[in-house]
Amino acid sequence: MLLFKLFNFYLITLLSYFSIAGYGAKLVKTFEKSIPKSVSESFFYGLILVLPICVLKISFFNNNIEITILIFLIGLFFFFHNFKFKEFYLDTIILFAIYIGLLISKTHEDFYYYHLQFIREINNDQFVLGLAVADIKYIYGSSVAYLQSMYFFNEDYKYIHVPIFLFFSSCLIFFIFQALDKKNT
C-alpha cells in the first residue's frame, strides 16, 4: 500500500512537471515558432502562464477539482504535442533520483502559521477580494501560494509541496544540462 502511495505521488509530481512545461512550450512556440531546448527551460516559461491561471481559477472557480484537472490536462496536451520521448526521459530519471528530497523535506517554522493559513484562506468556499485589508499577513501573498492552492484537495495537505519541489528540481535539471553541454564552457 505504501509503495502504491509513493508511486501515485511521484506520478502526480511528474505529470505536474510535464503539464507546466507544456504551457511553457506553447508560450515559446507562440512567439518564436520553436520550442525551448529542454523541458526544464519550458517549465520556467510555463510558470509565466500557469501562475495567472491559478489566480483566475481561485478567483472564479475556487476549489473546483474538475477545473484543476482540466488545467493540468490542457498542459499535458501541449507537452506531448511539442516534445518527443527522447527529449524528456532524462528529466524523468533525474526527477526520480531527487524524488527522495520531496519525501524527507521539512517545512520551515512559519509554514503552518502563515503560508498554510494563506492557502486555506484563498481556497475557502468564498474567495474574498481585498483580503489584505483584513490582516497585514495577506498583503504579501506569494504567487507560489496560488500555485500550491492547486494541490490543496479538501483539507488534504499531501501534495502541497509539489510545486516547490518542481521549481527546485527544474533549476537543478537545467544546471545539470548546462554543465553537461559541450558548447557551454
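Heads up: the structure comes first, above all this text.
Here the residue index of a chain counts from 1 through its sequence in written order. Local features are withheld for residues below a pLDDT of 70 in this predicted model, meaning they are given only at 70 or higher, and side-chain atom pairs are given and counted only at 80 or more; totals for whole chains, interfaces and linings count all residues. Here the side-chain values reflect all heavy atoms present in the structure, with hydrogen atoms and water set aside.

1. Here's the deal with the packing of helix α2 (residues 39-60) against helix α3 (residues 65-82)
Here is step 1: Interaxial angle, 0 to 180 degrees, is taken between N-to-C directions of lines fitted to C-alpha atoms, where a helix line uses only the stretch in contact. We count a stretch as a helix when DSSP gives it H or I for four or more residues in a row; a strand needs E for two or more, and each element gets its number in order from the N terminus. The interhelical angle for the contact between α2 and α3, taken along N-to-C directions, is 155°, at an axis separation of 12 Å. If you check the angle between α2 and α3, you find them roughly antiparallel. As for the relative orientation of α2 and α3, their crossing is right-handed in sense. Residues Val-39, Ile-53 and Lys-57 of α2 form the contact with α3, whose participating residues are Ile-67, Thr-68, Ile-71 and Phe-79.
Here is step 2: Polar here means any residue other than Ala, Val, Leu, Ile, Met, Phe, Trp, Tyr, Cys and Pro, which are nonpolar, and Asp, Glu, Lys and Arg, which are charged; Gly is therefore polar. Split into classes, the residues belonging to the contact of α2 with α3 amount to 5 nonpolar, 1 polar and 1 charged. Angle categories: roughly parallel below 35 degrees, roughly antiparallel above 145, roughly perpendicular from 65 to 115, and oblique for all the rest. Each helix crossing is assigned a hand: it is left-handed if the near helix lies turned anticlockwise from the far helix by less than a right angle, otherwise right-handed if that turn is clockwise. Contact definition: two residues touch when any of their heavy atoms are within 4.5 Å.

2. A short note on a nonpolar patch on the surface
Here is step 1: Within this analysis, patches are made of residues with over 30% relative accessible area and no salt bridge. Like charges are joined at 9 Å or less; nonpolar side chains (Val, Leu, Ile, Met, Phe, Trp, Tyr) at 5 Å or less. In these tables, accessible area is a Shrake-Rupley quantity obtained with a 1.4 Å probe, and a residue counts as shielded only by the protein chains included in the view. What makes a salt bridge here is a side-chain nitrogen of Lys or Arg within 4 Å of a carboxyl oxygen of Asp or Glu, nothing more. Taken together, the side chains of Phe-85, Tyr-89, Leu-90 and Ile-93 present a nonpolar region at the surface, about 410 Å² in accessible area.
Here is step 2: Inspection of the secondary structure puts Leu-90 in helix α4 (residues 85-97).

3. A closer look at the side chain of Lys-57
Here is step 1: In this fold, Lys-57 is placed in helix α2.
Here is step 2: Buried and without a salt bridge, Lys-57 has Glu-66 as its closest oppositely charged side chain, separated by 9.0 Å. Exposed residues in this analysis have more than 50% of their type's maximum accessible area, buried residues have under 20%, and partly exposed residues fall in between, with area computed by a 1.4 Å probe over protein chains only. Lys and Arg are tallied as positive, Asp and Glu as negative. Neither His nor the chain termini are counted.

4. Remarks on the packing of helix α1 (residues 2-32) against α4
Here is step 1: In contact at an axis separation of 11 Å, α1 and α4 are set at 140° when each is read in the N-to-C sense. One element, α1, and the other, α4, form an angle in the oblique class. Between α1 and α4 the crossing geometry is right-handed. Here α1 contributes Tyr-10, Leu-14, Tyr-17 and Phe-18 to the contact with α4, which in turn contributes Phe-88, Asp-91, Thr-92, Leu-95 and Phe-96.
Here is step 2: A class-by-class count of the residues in the contact of α1 with α4 yields 7 nonpolar, 1 polar and 1 charged.

5. Looking at the packing of aromatic side chains
Here is step 1: Note on ring pairs: Phe, Tyr and Trp rings are taken, using the six-membered ring of Trp, and paired if centres are within 6.5 Å. Classes follow the plane angle, with under 30 degrees stacked, over 60 edge-to-face and the rest tilted. Per the counting criterion, the structure on display carries 19 aromatic pairs.
Here is step 2: Ring centres of Tyr-23 and Phe-78 lie 5.7 Å apart, and the angle between their planes is 80°; this geometry places the pair in the edge-to-face category. On the criterion of sequence distance, the pair formed by Tyr-23 in helix α1 and Phe-78 in helix α3 is long-range, its members being 55 residues apart. Of the two residues, Tyr-23 and Phe-78, both sit in the buried class.
Here is step 3: Joined through ring pairs, the aromatic side chains of Tyr-17, Phe-18, Phe-43, Phe-44, Phe-79, Phe-80, Phe-83, Phe-88 and Phe-167 make up one cluster.

6. Regarding a positive patch on the surface
Here is step 1: By convention, charge coordinates are those of NZ in Lys, CZ in Arg, CG in Asp, or CD in Glu. A surface patch of positive charge is lined by Lys-26, Lys-29, Lys-84 and Lys-86.
Here is step 2: Its location among the elements puts Lys-86 in helix α4.

7. Observations concerning the side chain of Thr-13
Here is step 1: If you trace the backbone, Thr-13 turns up in helix α1.
Here is step 2: Among the polar contacts made by the side chain of Thr-13, one reaches the main-chain carbonyl oxygen of Phe-9 at a distance of 2.9 Å. Here a polar contact means two N or O atoms within 3.5 Å. Within protein one must be a hydrogen donor candidate and the other an acceptor candidate, and residues neighboring in sequence count only if both atoms are side-chain atoms.

8. Here's the deal with the environment of Tyr-146
Here is step 1: Assignment of secondary structure puts Tyr-146 in helix α7 (residues 143-149).
Here is step 2: The spacing of Tyr-146 and Asn-123 is 23 residues in sequence and 9.2 Å in space, taken between C-alpha atoms.

9. Focus: the nonpolar core
Here is step 1: As used here, the term nonpolar core means buried Ala, Val, Leu, Ile, Met, Phe, Trp, Tyr and Cys residues forming a set that is joined through side-chain atoms within 4.5 Å. Core analysis: the largest hydrophobic core is formed by 45 residues, its most contacted members being Tyr-17, Phe-18, Val-39, Leu-95 and Leu-166.
Here is step 2: Only α1, α2, α3, α4, α6 (111-122), α7 and α8 (162-180) provide two or more residues apiece to this core.
Here is step 3: Of all the elements, α1 adds the most residues to this core, at 9 residues.
Here is step 4: Those residues in contact with Phe-18 that lie beyond four places of it in its chain are Val-39, Gly-75, Leu-76, Phe-79, Phe-80, Phe-88 and Thr-92.

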